[in-house]
Amino acid sequence: MTRPVALALRALGLGDFLTGLPALQLLRRALPEHDIVLAAPTVFAPIIPLVPAVDRLEPTGELMPVDRRYLGVDVAVDLHGKGPASRRLLVELEPTRLVGFGDPGAGFTGPPWYAAEHEVKRWCRLVTTAFGIDDAEATSVVGAVAVPDVEADTGLTVVHPGAAAESRRWPAERFAEVAAELRRRGHRVVITGGHAERSLAEAVSEASGAPTLLGLSIPQLMSVVASARLVVCGDTGVAHVASNYRTPSVVLFGPVSPALWGPPKDPSHLVIFHGDGAGNPHGEEPDAALLRITVSEVLDGVQQVTRALEARPQPAASGQGRR
């Protein structure tokens, strides 16, 4: 007998993918007899087998229509946003039940959207409100994705200078100073970057003397981060990968508050933030708050995280990360 389907729309980037997984864990708990289908970019297909909360991926792009074979789907969940554009994509599927935040102007019912709410908590609240379940067991991304079975060097310090927007990119020369100093302190530093960040990563590499790791697939990137000693990056998807695997991280925030997108509270993760969260996360220049972060602060942050790790009891090996 064919199982009913619950389709969740979240066709966004890596950080969005990861921060949406706790809500999908709750959806799995609420609908144990359903197949949980995630409508998201096809780039995530290789890691779906590592996500217990999701049965399969339905490839789609941001605000692109979902395949019509899901017409009449049992449950459709809008994990994409609060506006009418994403909701209408699901309305077109004529689901038996549609779950999303309320939008009175568009005639959509649902719980209210709170702007000052952490991204993970927001989507968990949507699912728990809709299905009347407790969210106590699913409020962070930790362990949401298993480690890919992809070989990766262990103990690297990953410096990731890129971000989707210039406003969230700390200056390359400062990343290079951090990378060079960490090398002097004995770290095995590598510079990572996506396809659009190659020139940025190469500039940081040339200035610091640290090698690059470029052209990585998402499984390769996740395996590298899972196996790393430390991650230094801005407000970008790599930070959420580190959170998932509890890989120690120092994360630099500028236009967006870490109260909305920061890592779980854990001594493994240190956030540096000097702003008020009122900047433009899609701006074309580095945010003023981000520019207030100094190289010495980041290096001090690395020392602080290192001391916290030394004091942390070491768990038994569980396969959730490789150090």
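Placed above this text is the structure.
A brief report on the enclosed structure follows. It should be emphasised that the depicted structure is a prediction, and the values quoted were computed from it without experimental measurement.

**What about the overall build of the protein?**
Helix and strand content of the protein: 10 helices and 11 strands. The C-alpha atoms of the protein give 20 Å as radius of gyration, which agrees with the globular expectation for 323 residues (20 Å, within 12%). C-alpha extents for the protein along the principal axes are approximately 60 × 40 × 35 Å. Taking all 323 residues of the protein together, the buried fraction comes to 54%. Put simply, 61% of the contacts in the protein that link residues at least 6 apart link residues at least 24 apart. Distance between charge centroids for the protein: 4 Å, based on 30 positive and 36 negative side chains.

**What to know about helix α4 (residues 172-184)**
In a regular helix each residue adds 1.5 Å, so 13 residues correspond to 18 Å; α4 covers 18 Å between its end C-alpha atoms and thus fits that length. If you check which residues of α4 are buried, you get F175, A176, V178, A179, A180 and L182. Those residues of α4 that are buried lie in contact with β6 (157-160), β7 (189-193), α5 (198-208), β9 (230-234) and α10 (295-311). Directly after α4, the chain includes G186, whose backbone phi takes a positive value near 100°.

**Examining the sheet that holds strand β4 (residues 75-78)**
Strand order across the open sheet formed by 5 strands is β3-β2-β1-β4-β5, with parallel pairing between neighbours. This sheet does not close on itself; its edge strands, each paired only once, are β3 (56-59) and β5 (97-99). When the angles between neighbouring strand axes are averaged without regard to direction, this sheet yields 20°. Alignment of β4 against β5, held across 3 bridges, turns out to be parallel. Bridging from a neighbouring strand, V75 pairs with R97 of β5. Together, β1 (5-9), β2 (35-40) and β4 form the strand contacts of helix α1 (residues 14-30), whose direction differs from that of β2 by roughly 160°. Here helix α3 (residues 119-131) sits on the sheet in contact with β4 and β5, set at roughly 145° to β5.

**Some details on α3**
For α3, which comprises 13 residues, the first-to-last C-alpha distance of 19 Å matches the rise-based estimate of 18 Å (1.5 Å per residue) to within 8%. If you check which residues of α3 are buried, you get E119, V120, R122, W123, C124, R125, L126, V127, T128 and F131. Where α3 is buried, its residues meet α1, β4, β5 and α8 (258-261). Two residues or fewer after α3 comes G132, characterised by a positive phi angle close to 65°.

**Remarks on the pairing of β9**
Within a regular strand, side chains alternate between the sheet's two faces. Burial within β9 is extensive, with 5 of its 5 residues counted as buried. Judged by which residues are buried, β9 turns out to be covered on both faces: L230, V232 and G234 on one side and V231 and C233 on the other are all buried. Examined bridge by bridge, β6 and β9 share 4 bridges and lie parallel to one another. Within β9, the position partnered with V159 by the bridge is V232.

**Digging into the packing of aromatic side chains**
As enumerated under the stated definition, the model contains 5 aromatic pairs in all. Aromatic pair F17 and F44: ring centres 4.4 Å apart, planes at 15°, arrangement stacked. One end of the pair, F17, is in helix α1; the other, F44, is in the loop between β2 and β3, and 27 residues separate them in sequence. Since its relative accessible area comes to 3%, F17 is described here as buried. Taking relative accessible area as the criterion, F44 reaches 2% and is therefore assigned buried. Measuring from ring centre to ring centre gives 5.1 Å for W170 and F175, while their planes differ by 85°; the resulting arrangement is edge-to-face. F175 carries the same exposure label as W170, and that label is buried. An aromatic cluster of three or more residues is present, and its members are F101, W113 and W123. Between the NZ or CZ atom of K82 and the centre of the ring of W113, over which it lies, the distance is 6.0 Å. R122 extends its terminal NZ or CZ atom over the ring of W113, reaching a point 4.0 Å from the ring centre.

**With respect to the side chain of T19**
Inspection of the secondary structure puts T19 in helix α1. Assessed through its relative accessible area of 1%, T19 is described here as buried. A distance of 2.9 Å separates the side chain of T19 from the backbone oxygen of G15, its partner in a polar contact. Apart from residues lying up to four places away in sequence, T19 is in contact with R10, E119, V120, V141, H240 and W261.

Calculation notes
Residues numbered from 1 in each chain as written. Predicted model: local features only at pLDDT ≥ 70, side-chain atom pairs only at ≥ 80, totals over all residues. Heavy atoms only, no water. Helix = DSSP H or I, 4+ residues; strand = E, 2+ residues; numbered from the N terminus. Rg over C-alpha atoms; globule rule 2.2 N^0.38 Å. Buried < 20%, exposed > 50% of the residue type's maximum accessible area, 1.4 Å probe, protein only. Contact = heavy atoms within 4.5 Å. Lys, Arg positive; Asp, Glu negative; His and termini not counted. Charge placed at Lys NZ, Arg CZ, Asp CG, Glu CD. Expected span 1.5 Å × (residues − 1). Pairing = 2+ DSSP bridges. Axes fitted to C-alpha atoms, helices over the stretch in contact; angles between N-to-C directions. Phe/Tyr/Trp six-rings, centres within 6.5 Å; stacked < 30°, edge-to-face > 60°. Lys NZ or Arg CZ within 6 Å of the ring centre and 35° of its normal. Polar contact = N/O pair within 3.5 Å; in protein donor to acceptor, adjacent residues only side chain to side chain.

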